Amino acid sequence: MKYVILVSHGTFAPGLQNAVSMLAGSNREDFRSTGLKDGMGSDEFAGHVRECLKGITAEDEILLLGDIVGGSPLTTAANVIAQEGLMGVTSMMGGMNLPLVLSAVLEKDSMDTAELTKMILEESREQIKQFEVECEDAEEDI
């Protein structure tokens with residue numbers, strides 16, 4: 001099975017999981033998250049990451065998404081994954097957003113991980129753009 005695991009500072013990852021679950025279906029075994037809460041030590045957070053990895057074996061694949069490349073949640077999760085012997089089946093990315101995670105969850109079983117990684121990175125970059133609304137000047141209504 002291919003798993004998508006989100007890690008972040010605060011409640012960003014669990015909140016993003018909640019939003020994606022509204023669009024892609026809830027109670028998915030293949031989609032998990034945890035966040036590094038304010039004041040939480042790295043050992044405690046590592047325990048939460050281990051909980052997310054429960055039941056995942058070297059026969060599975062992991063797409064690990066973090067909020068910031070080089071941030072504590074992603075580096076701690078990477079260390080735990082290495083300790084569990086799962087680094088060889090893990091692909092990691094930082095800078096997650098809703099379109100990226102939604103595409104990862106919906107498309108993960110339709111392509112190999114390398115193709116999926118390339119596709120979701122390109123797609124998520126395209127989603128970041130300025131949103132403009134044209135409106136008439138309020139003074140014209142007076």
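Residues numbered from 1 in each chain as written. Predicted model: local features only at pLDDT ≥ 70, side-chain atom pairs only at ≥ 80, totals over all residues. Heavy atoms only, no water.

The name given to the protein chain in an unreviewed UniProt entry is PTS fructose transporter subunit IIA, with the source organism recorded as Candidatus Lachnoclostridium stercoripullorum.

Visitor: Is there a simple way to think about the overall build of the protein chain in this case?
Guide: Helix and strand content of the protein chain: five helices and four strands. Scored against the burial criterion, the 142 residues of the protein chain give a buried share of 42%. A separation of at least 24 residues holds for 74% of the contacts in the protein chain among residues at least 6 apart in sequence. Roughly 8300 Å² of accessible area belongs to the protein chain as shown, and the carbon and sulfur atoms make up 50% of that amount. Positive and negative side-chain charges of the protein chain, numbering 10 and 25 respectively, have mean locations separated by a distance of 11 Å. (Helix = DSSP H or I, 4+ residues; strand = E, 2+ residues; numbered from the N terminus. Buried < 20%, exposed > 50% of the residue type's maximum accessible area, 1.4 Å probe, protein only. Contact = heavy atoms within 4.5 Å. Areas by Shrake-Rupley, 256 points an atom, 1.4 Å probe, with all protein chains shown as cover. Lys, Arg positive; Asp, Glu negative; His and termini not counted. Charge placed at Lys NZ, Arg CZ, Asp CG, Glu CD.)

Visitor: Looking at this structure, how should I read the packing of helix α4 (residues 98–107) against helix α5 (residues 113–127)?
Guide: When two helices pack together, their arrangement is given by the angle between the helix axes and by the axis-to-axis distance. Close contact between α4 and α5 brings their axes to 8 Å; oriented N to C, the two are set at 145 degrees. Helix-helix and strand crossings are classified by hand; for α4 and α5 the assignment is right-handed. From α4, Pro99, Leu100, Ser103, Ala104 and Glu107 reach across to α5, where they touch Leu116, Met119, Ile120, Leu121, Glu123, Ser124 and Gln127. Along the lines of polarity and charge, the residues of the contact of α4 with α5 split into seven nonpolar, three polar and two charged. (Axes fitted to C-alpha atoms, helices over the stretch in contact; angles between N-to-C directions. Left-handed = near helix turned anticlockwise from the far one by under 90°. Nonpolar A, V, L, I, M, F, W, Y, C, P; charged D, E, K, R; others polar.)

Visitor: Quick question: what am I supposed to make of a nonpolar patch on the surface here?
Guide: A cluster of nonpolar side chains, namely Met22, Leu23 and Leu98, defines an oily patch on the protein surface of about 330 Å² accessible area. With respect to the helices and strands, Leu98 occurs in helix α4. On the basis of relative accessible area, Leu98 is assigned to the partly exposed category, the value being 34%. (Patch = residues over 30% accessible without salt bridge, like charges linked within 9 Å, V, L, I, M, F, W, Y side chains within 5 Å. Salt bridge = Lys/Arg side-chain N within 4 Å of Asp/Glu carboxyl O.)

Visitor: I tried to follow the UniProt feature "domain: PTS EIIA type-4" (unreviewed entry) in the protein chain on my own but got confused; where do I start?
Guide: Within this numbering scheme, the UniProt entry marks residues 1–128 as carrying the feature "domain: PTS EIIA type-4" (unreviewed entry). This span, residues 1–128, is 48% helix and 20% strand, and a straight line between its end C-alpha atoms measures 30 Å. (UniProt positions renumbered as here; feature names shortened; annotations may be inferred.)

Visitor: I tried to follow the environment of Val7 on my own but got confused; where do I start?
Guide: Residue position: Val7 is located in strand β1 (residues 2–9). Assessed through its relative accessible area of 1%, Val7 is described here as buried. Residues Val7 and Ile56 lie 49 residues apart in sequence; the distance between their C-alpha atoms is 16 Å. Look past the residues within four positions of Val7 in its chain and what remains in contact with it is Ala13, Thr34, Phe45, Leu64, Leu65, Gly66, Asp67, Pro73, Leu74, Ala77 and Met96.

Visitor: Mind showing me how you'd approach the sheet that holds β1 here?
Guide: By way of backbone hydrogen bonds, the strands of a sheet pair with one another, either parallel or antiparallel. With parallel pairing, four strands are arranged side by side in an open sheet as β2-β1-β3-β4. With one partner strand each, in any of the chains shown, β2 (31–36) and β4 (90–94) form the two edges of the open sheet. Here the average twist between neighbouring strands, direction ignored, is 15 degrees. Pairing geometry for strand β3 (residues 61–66) and β4, over five bridges, is parallel. Note that in β4 the partner of Ile62 across the bridge is Thr90. On the sheet, helix α1 (residues 12–24) packs against β1 and β2 and is oriented at approximately 150 degrees with respect to β2. Helix-sheet contacts for helix α2 (residues 42–53) involve β1, β2 and β3, and the interaxial angle to β2 is about 175 degrees. (Pairing = 2+ DSSP bridges.)

Visitor: Just checking my understanding: could you explain unusual backbone geometry for this structure?
Guide: It is generally the case that most residues other than glycine have a negative phi and that most peptide bonds are trans. Of note in this structure, Asn27 is not a glycine but carries a positive phi near 55 degrees. Within the secondary structure, Asn27 sits in the loop between α1 and β2.

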